[in-house]
2 protein chains.
Amino acid sequence: MSKGVTPQSQDYAKWYTDVVQKAELADYSPVKGCMVIRPYGYAIWENIQSVLDRMFKDTGHVNAYFPMLIPESFLKKEADHVEGFAPELAVVTHGGGKKLEEPLVIRPTSETIIWSMYKKWINSYRDLPILINQWANVVRWEMRTRMFLRTTEFLWQEGHTAHATGDEAVEEALKMIDVYRTFAENYMAVPVIVGKKTENEKFAGAVDTYTIEAMMGDKRALQSGTSHYLGQNFAKAFDVMFQNEKNETEYVYASSWGVSTRLVGALIMAHGDDKGLILPPKLAPYQVVIVPIYRDEATKSAVTDYVDKITRSLGSLNVRFHVDTRETLSPGYKFNDWEMKGVPLRVEAGPRDVANDKLVVVRRDTGEKTLQSRESFLESVGGLLDTIQDSMYRNRLAFRDDNTQDISSYDELKAATADGGFARAYWDGSGDDERTIQEETKATIRCIPFGQDGSEGTCFYTGRKTSRQVIIAKAY
Amino acid sequence: MSKGVTPQSQDYAKWYTDVVQKAELADYSPVKGCMVIRPYGYAIWENIQSVLDRMFKDTGHVNAYFPMLIPESFLKKEADHVEGFAPELAVVTHGGGKKLEEPLVIRPTSETIIWSMYKKWINSYRDLPILINQWANVVRWEMRTRMFLRTTEFLWQEGHTAHATGDEAVEEALKMIDVYRTFAENYMAVPVIVGKKTENEKFAGAVDTYTIEAMMGDKRALQSGTSHYLGQNFAKAFDVMFQNEKNETEYVYASSWGVSTRLVGALIMAHGDDKGLILPPKLAPYQVVIVPIYRDEATKSAVTDYVDKITRSLGSLNVRFHVDTRETLSPGYKFNDWEMKGVPLRVEAGPRDVANDKLVVVRRDTGEKTLQSRESFLESVGGLLDTIQDSMYRNRLAFRDDNTQDISSYDELKAATADGGFARAYWDGSGDDERTIQEETKATIRCIPFGQDGSEGTCFYTGRKTSRQVIIAKAY
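What counts and what doesn't
- Residues numbered from 1 in each chain as written.
- Chains lettered and ligands numbered in written order.
- Predicted model: local features only at pLDDT ≥ 70, side-chain atom pairs only at ≥ 80, totals over all residues.
- Heavy atoms only, no water.
- Helix = DSSP H or I, 4+ residues; strand = E, 2+ residues; numbered from the N terminus.
- Buried < 20%, exposed > 50% of the residue type's maximum accessible area, 1.4 Å probe, protein only.
- Contact = heavy atoms within 4.5 Å.
- Areas by Shrake-Rupley, 256 points an atom, 1.4 Å probe, with all protein chains shown as cover.
- Lys, Arg positive; Asp, Glu negative; His and termini not counted.
- Charge placed at Lys NZ, Arg CZ, Asp CG, Glu CD.
- Domains from an automatic or database assignment.
- Buried area = accessible area lost by both parts, 1.4 Å probe.
- Salt bridge = Lys/Arg side-chain N within 4 Å of Asp/Glu carboxyl O.
- Polar contact = N/O pair within 3.5 Å; in protein donor to acceptor, adjacent residues only side chain to side chain.
- Least-squares fit on C-alpha atoms with pLDDT ≥ 70 in both.
- Phe/Tyr/Trp six-rings, centres within 6.5 Å; stacked < 30°, edge-to-face > 60°.
- Lys NZ or Arg CZ within 6 Å of the ring centre and 35° of its normal.
- Nonpolar A, V, L, I, M, F, W, Y, C, P; charged D, E, K, R; others polar.

## Observations regarding the overall build of chain A
Counting its secondary structure elements, chain A contains 14 helices and 25 strands. Seen through its C-alpha atoms, chain A measures out along the principal axes to roughly 80 × 60 × 45 Å. Scored against the burial criterion, the 476 residues of chain A give a buried share of 60%. Intrachain contacts of chain A at a sequence separation of at least 6 include 69% that bridge at least 24 residues. Carbon and sulfur atoms make up 46% of the accessible area of chain A, which totals about 19000 Å². Mean positive and mean negative side-chain charge positions of chain A (58 and 67 charges, respectively) differ by 4 Å.

This is the structure in structure tokens:
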């Protein structure tokens, strides 16, 4: 139930958890670090899943399901992988009342179990490529959790592909980070910077990690999706070889890529305001909420008939709508509630509207309120939802641009990122330099953006000439 | 790859696992009792999910997600529940490198974690009903596993509803077993007997369990879905009370209901034959497979163009199709392969067919082969798929009727169920009698069917008069 949230300016972190709870997206559970995704939050995730699943299938992928429990020894087969994930593992030691001979870990990610199966399925180049995705839950034991952004258990999809050449695996990894970019921009209405992670920041077991980085409302970065070129690392760990067209035997090349329920957190923080959530129409569980307003049974009946007429039209227009018929709540309460839940359009219909064949339409993103004829509303609602979607994206793009600075000294970096904000800078430092900067400023290199123009500049930290630019920011 | 399976008559269990593997539905994993669901098997599960999810939503349910890890102490709060599930638990004792203060179990079912949350969400009758479903993985440590039918980890949906009255919760449980019946009959083409479980066989923690029981190809029963009226058992265990309309405080009433990836096993065993799987059109990943046949580049090009014309039409008819363009395999091999995979219709198109604007159409269920004009095929394909769906159902209904006997003595029971088969009998025995019969015959009371006519007869075991009839069979 919505009674207002802590203002962003007062405490952004508190604002976030207030919105998560008051919009009934998720709730704390009795299990440390785990959340319950409530129906309204889950409906957003279902919309995310449905669009992404279609995009994956349109790019030739199929879904499958691999066991959640992985023999502990599997994790150890890839040295970097185990180093990265060992501290985060949940371990099953007992099953069916007995101590297990070998402990099983709950998957923190599925490269190991999947590549142990690929060994069975791949013999020849004719068996390649394998383009499999999995929708699943994973567990990573986190010390500090925050709902949707970092929880011990979370839901995600993980693509795991196998290829005959490294080029093809790189191409796949790049194709999928572009699918994520398209999804973030066109569906989430969140602009992202696409680039490569530094060696320090790449996935444990990857040759290269690609990422999409979004700016949240507090100007901090959120890594929103990653795609990895894994080279032959997992093929070597699990001895997966194939016979190529020249009858030579070689190790298989791999990619993996994933996004998670964290994307719900990205939606909240990219768009939300002090009234709560603002959802992009393409992912909103309800695109239009209708609040019928009446005082007595006579006006109730007229308003209800009028609303029925509207919803029949909305249904045939494939607009996702909801009519708030709750009897014990005032219209004003309902307005606040649906603003908290971020529904893109609110329609109010009272006795006077019925008499005039009109209705009041309120945009969640701008607050703009108009009195429209029913006919013109129904004619324009599809276009209006597109306008909102587009406007939300452009709004976030302008916000990011306003809060991105080119910096050329360490002091400038500190100033540019202290209270959030993206810094763009030439960079030629080492991994150790990177760690020092992180310790001193809490900011990290988010990525080396794609599409650099190759112009040369001076590294803000080492003073050396370089043509490589990076984005640096504090991040979630 | 399909090279034929063990005949059913020779070894039904071996036939089953052969089909699972050769149709590439699933594969053994390195984790004891866990299987990998391969893309083709997972596509069947996705179709099952998609239909059921729509049916759940059409009956007013919403999806949510609850943590997979449950504090061990939660299971112990409901006495029958823990007794039923304790022997099957997988226990996480370590997380993040440390021993946990309280072990966590991986959900074997989610009543306990969900009712611990319902306590937070329910105060008044206005908060009721709660109609939540969850799609999830669960783990039950099984000694003897069989792919899809009984695996340590499996995928399922579990509905968990909360109500203000017992009548309403019973109504919900009955509504959902009827949804399962409808799904089994109309989508899986599998007739089921709907009824109530005996006290011995009911869910651990339920007041009543309802079930749908299907007959497999070896005449054994498969429990294919269950729905439970839980009374106030879990509300009492988790202290979930509400204020009713009279301002009195009382415990909330509950139902839960679920079906799992076991349904894929039901499809295999209900319909399959010695050539492999036979899938009902409504759930088949591909309803039509097209095998182009050519000898050289010239005929290839003509056949390919012709097939393109057919697939454009199939696409606009919303028929799910696949064209088998694999270059290194013979048509005969492909025919066997798609028969193994159970695709309802196979279409063969060769140079002569192109010349005559015809094609060869083969039904998987009957083997019937016809030469049809392209036009008449495209006009009739939708109807033909419906005919196959219907015919598969009627075939299975006749098979079940042929293998169901009314019995009136213990000897008759033994004869009727020894090699599979359903026995229908009057029953007035005790739970101990039921256990004795199970020990001596391996057959169990599958259910007390709904819709009994109330006529009186003699219990085959106790000789007492009773009006209650039951179905007894060996079961999976």
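## Structural notes on the domain arrangement of chain A
Residue and element names in this part refer to chain A. Domain parsing of chain A yields domain 1 (12–271), domain 2 (288–384) and domain 3 (404–473). Its C-alpha centre places domain 1 at a distance of 40 Å from the equivalent point of domain 2. In this complex, domain 1 contributes 5 residues to the contact, which on the side of domain 2 involves 4 residues. For the pair domain 1 and domain 2, the summed buried area comes to about 450 Å², and 58% of that belongs to carbon and sulfur atoms. The largest per-residue losses of area from domain 1 upon contact with domain 2 belong to Lys 22, Ala 23 and Tyr 40, which jointly make up 68% of the total buried on that side. Where domain 1 meets domain 2, there are 1 salt bridge. Taken together, the connections running from domain 1 to domain 2 amount to 2 residue pairs in polar contact (both at pLDDT 80 or more).

## Looking at the relation of the copies chain B and chain A
Superposing chain B onto chain A takes a rotation of 180 degrees combined with a translation of 0.0 Å along the rotation axis, leaving an RMSD of 0.0 Å. Here the transformation between the copies is reduced to the relation of a two-fold axis. Within chain B, the C-alpha atom positioned nearest to the axis of rotation is that of Val92(B), 2.1 Å from it. A high fraction, 100%, of the interface residues of chain B reappear at the interface in chain A, so the copies pair face to face through one surface.

## Notes on the packing of aromatic side chains
In total, this model carries 42 aromatic pairs over all chains according to the counting rule given. Summarising the aromatic geometry, the rings of Trp115(B) and Tyr118(B) are spaced 5.1 Å apart at their centres and angled 70 degrees between planes, so their arrangement reads as edge-to-face. With a gap of 3 residues between them, Trp115(B) and Tyr118(B) both fall in helix H5 (residues 111–121), about one helical turn apart. For Trp115(B), a relative accessible area of 0% puts it in the buried group. Tyr118(B) gets classed as buried once you look at its relative accessible area, which sits at 0%. Through a chain of ring-to-ring contacts, three or more aromatic side chains come together here, namely Trp45(A), Phe56(A), Trp135(A), Tyr180(A) and Trp257(A). Above the ring of Trp121(A), the side-chain terminus of Arg38(B) is found at 4.1 Å from the ring centroid. The cationic tip of Arg346(B) hangs over the ring face of Phe335(B); the distance from NZ or CZ to the ring centre is 4.1 Å.

## A look at the interface of chain B and chain A
Each partner contributes to the interface: chain B provides 52 residues, whereas chain A provides 52 residues. Across the chain B to chain A interface the summed buried area is about 4100 Å²; carbon plus sulfur atoms make up 66%. The largest contributions to the chain B side of the interface with chain A come from Tyr65(B), Trp121(B) and Trp141(B), which together make up 14% of the buried area. Joining chain B to chain A, the criterion identifies 4 salt bridges. With its nearest N and O atoms 3.0 Å apart, the salt bridge here joins Lys120(A) to Asp27(B). Ranked by residues supplied to the side of chain B that touches chain A, first place goes to strand E5 (residues 90–95) of chain B with 6 residues. In terms of residue class, the side of chain B that touches chain A is built from 33 nonpolar, 10 polar and 9 charged.

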